[in-house]
Amino acid sequence: MDQQQQQSAIQGAKVLMVGAGGIGCELLKTLALSGFHDIHIIDMDTIEVSNLNRQFLFRRSHVGQSKAKVARDAVLRFRPHINIRSYHANVKNPEFDVDFFKQFDVVLNGLDNLDARRHVNRLCLAADVPLVESGTTGFLGQVTVHVKGKTECYECQTKPTPKTYPVCTITSTPTKFVHCIVWAKELLFAKLFGDKNQDNDLNVRANKAASSSEQTEDIFERAEDEDIEQYGRKIYDHVFGYNIEAALSNEETWKNRRRPRPIYSKDVLPESLTQKNGSTQNCSATSDDDSATVSAMPLLGLKNPQELWGLTQNSLVFIEALKLFFAKRKKEIGHLTFDKDDQLAVEFVTAAANIRAESFGIPLHSLFEAKGIAGNIVHAVATTNAIVAGLIVIEAIKVLKKDADKYRMTYCLEHPSRKMLLMPVEPFEPNPSCYVCSKTPLVLEINTQKSKLRDLVDKIVKAKLGMNLPLIMHGASLLYEVGDDLDDIMVANYNANLEKSLSELPSPVINGSILTVEDLQQELSCKINVKHSVILVSRNLSVDRSLNFIYSSNQKCAESFRIGPLLSIHVRRFRHPLVIMFCHREEFDEEKEPEGMVLSGWTQSPATNGESASTSNNESAVDVTESSSGPEIASKKRKLSETQPENHKRETENVESEDDDDLVEIENPMTVSKKKRVA
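Everything numeric here is computed off the predicted structure, so don't read it as measured data.

J.: I'm lost on the nonpolar core in this one. Help?
T.: For soluble globular proteins, nonpolar side chains are generally found buried alongside one another. Ranked by internal contacts, the top residues of the largest apolar core, which has 60 residues, are W183, L188, L192, F193, F240, F318 and F348. Going through the elements one at a time, helix 7 (177–193), helix 9 (228–248), helix 12 (311–328), helix 13 (343–359) and helix 14 (367–373) are the ones with two or more residues in this core. What W183 contacts, discounting residues up to four positions off in sequence, is I170, T171, L188, L202, V239, F240, A352 and R356. Core analysis: the second largest hydrophobic core is formed by 41 residues, L28, F58, V388 and I392 among them.

Shown next, in the form of structure tokens:
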């Protein structure tokens, strides 16, 4: 394809961008300057103050507005002749179905979470649309291209639980306690006790001040003569009350989410804390104590760090810790950073995180647990975003040219390797064990007598398989379905099924049952083989079939099992036959199997030359679609360069990032195992 034909393909292409944040801003600009004329952008987020240091299309006046719409308007100012359409919406909304995706020539992802990436992956599989995926963490980044039947899909390799926390989630829509910890540590603690001139997303005006055109005083600034307790209550009411009410005003955000509850100090705390515990005098008595040992807990009679505090106790700790900072550590205020070895800092962050968690309906945690959760933050680097955006466009052009031999996964490195900072690697073949693109059945080990259908739906189908509108069938029996077209009787029946154990359903799910699970929006279907058995092997075992129990000389081994199918086999070195019994499993390890069930069958690709296959940990792996005719792969598979360092080990950077839409768990390209790649 000559230059003129290439430019014609670019100008005629219809491109979908998902994400308009750090990478998205750079990508939209680069697409426009590269000659793309028809660009569509989906992003549900609004602009935060913390975005402004790297998302260059946004300004302070844009805070609170739609990222997609503002990015569109900014680019049209210097490329007014092109078509850019923005959607301020969630890519998982029903309107963005397979037919919607089919209209595009390529999809470019800049998402910030595993669930949305998996959703787009499945839509691209169903629509047969190539997708280019990307992600950055600090100086690290990568871009991968996926084409149906030729490269692995995003879900061909298992993904670990993400440990990256988008700022938009932390500030606006937390769903996990760790989000509350990061908010309390990186935003609230930093704002109160760190650099006072550093703006962040806590500077939301109270409702009564928002209507005024006059510049209001910084709510976090304490006047010299202001009572410490009253100042603490003011901060409490602002961050847990007014800010939550301000967030609730955006109805679109809470359309499909649980609405948080504003919390005010007057509803939780007594009118005066001084009379309650006398801590005002105590906290100002001395100023020479070791700052690391100052603690609010003894003043409140709290001794056990593993004790779970309620809302009132957390509120008291919040106020007392703040008072102690101003009374005993006033000289440090303005220069403090969070330190997990700073007892008072840990107490404050734990209390603040728990109060926020209470507001958002998230389970509370003890001080001991909160201290363990607190971790390091890797700051976003604008230059990495720009490099990655350029690489995305390069791969997108290859896709439009159908130049499959030149597709590359490109890693952006922090330090040169073989004198290179950009490391291109040939893409991998589809994983034949992938349940998404290869339809390999899954195996679910579950206690069918104790576990309810709701557990299966919430913990497996939605949480692990990422299905949004699931349909579950057992043979010809429909056990569960969701949708707007269901009548009241069907909804009532399905809701009743949710509360039944699997073995009590109209079509009982027992050992050996095969469930078909579908998501009509994603056009994905997979089968789950149900297993509620473990294998017990014994030579000293007798069976009472009438009582349906097992008796053994090893009673500890057998007492928690019920009888299942029996098999007898002869082994030469034993005089008597072994009895292999498939027995019902009553209990699960609460630490290793907290859901009370184990899903397996999503295996890694076969190893080559005795080496174990590597699992791609890229949180921004891209979508590919399943080919009905199968991939056309050359017989000779190329691998990493023969100059690869010896004794290499797989290393994964699994870190938190401050960026809100370009997050990735980076797999070191120099340590990728020798999986099969596209020739």
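That covers the picture; the talk isn't over yet.
J.: Looking at this structure, I do not really get the pairing of strand 9 (residues 420–425). What am I missing?
T.: The side chains of a regular strand alternate between both faces of the sheet. Both strand 8 (residues 409–417) and strand 9 contribute to a ladder of 5 bridges, which runs antiparallel. Bridging across to strand 9, C412 finds its partner in L422. Turn length for the strand 8-strand 9 hairpin, with the two strands adjacent in sequence and antiparallel, is 2 residues, and the turn residue R418 shows positive phi of about 55°.

J.: Help me understand the packing of aromatic side chains in this model?
T.: Scanning the model with the defined rule gives 21 aromatic pairs in all. A centroid spacing of 6.0 Å and a plane angle of 70° characterise the contact between F100 and F101, whose relative ring orientation is edge-to-face. Summarising the burial analysis for this pair, F100 and F101 share the class buried. Relative to F338, the ring of F189 lies with its centre 6.1 Å away and its plane at 90°, an arrangement referred to as edge-to-face. Of this pair, F189 sits in helix 7 while F338 sits in the loop between helix 12 and helix 13, and the two are 149 residues apart along the sequence. These aromatic residues form a ring-pair network of at least three members: W183, F189, F193, Y231, Y236, F240, F318, F325, F326, F338 and F348. In this structure, K14 packs its charged tip against the face of F104, placed 5.6 Å from the ring centre.

J.: Whenever I open this one, the packing of helix 12 against helix 13 confuses me. Can you help?
T.: Two quantities define a packed helix pair, namely the angle between the axes and the distance from one axis to the other. One can describe the packing of helix 12 onto helix 13 by two numbers: an axis separation of 8 Å at closest approach and a directional angle of 140°. Looking at the two axes, helix 12 sits oblique to helix 13. Remark: the crossing between helix 12 and helix 13 carries left-handed chirality. Along the contact surface, helix 12 presents L311, N314, S315, V317, F318, A321, L322, L324 and F325, while helix 13 presents L344, A345, E347, F348, T350, A351, A352, N354, I355 and E358. Residues belonging to the contact of helix 12 with helix 13 are distributed by class as follows: 13 nonpolar, 4 polar and 2 charged.

J.: I keep staring at unusual backbone geometry and nothing clicks. Help me out?
T.: Unusually for a residue other than glycine, D128 sits at a positive phi of about 60°. Within the secondary structure, D128 is located in the loop between helix 5 (114–127) and strand 5 (131–137). Residue D128 is classed as partly exposed on the basis of its relative accessible area, which comes to 45%. With a phi close to 55°, R418 is a non-glycine residue in the positive phi region. In this structure, R418 sits in the loop between strand 8 and strand 9.

J.: Looking at this structure, how should I read a nonpolar patch on the surface?
T.: Taken together, the side chains of I387, L421 and L422 define a hydrophobic patch exposed on the protein surface, amounting to about 220 Å² of accessible area. By secondary structure assignment, the location of L422 is in strand 9.

Calculation criteria
- Residues numbered from 1 in each chain as written.
- Predicted model: local features only at pLDDT ≥ 70, side-chain atom pairs only at ≥ 80, totals over all residues.
- Heavy atoms only, no water.
- Core = buried A, V, L, I, M, F, W, Y, C linked by side-chain atoms within 4.5 Å.
- Buried < 20%, exposed > 50% of the residue type's maximum accessible area, 1.4 Å probe, protein only.
- Helix = DSSP H or I, 4+ residues; strand = E, 2+ residues; numbered from the N terminus.
- Contact = heavy atoms within 4.5 Å.
- Pairing = 2+ DSSP bridges.
- Phe/Tyr/Trp six-rings, centres within 6.5 Å; stacked < 30°, edge-to-face > 60°.
- Lys NZ or Arg CZ within 6 Å of the ring centre and 35° of its normal.
- Axes fitted to C-alpha atoms, helices over the stretch in contact; angles between N-to-C directions.
- Parallel < 35°, antiparallel > 145°, perpendicular 65-115°, else oblique.
- Left-handed = near helix turned anticlockwise from the far one by under 90°.
- Nonpolar A, V, L, I, M, F, W, Y, C, P; charged D, E, K, R; others polar.
- Patch = residues over 30% accessible without salt bridge, like charges linked within 9 Å, V, L, I, M, F, W, Y side chains within 5 Å.
- Areas by Shrake-Rupley, 256 points an atom, 1.4 Å probe, with all protein chains shown as cover.
- Salt bridge = Lys/Arg side-chain N within 4 Å of Asp/Glu carboxyl O.

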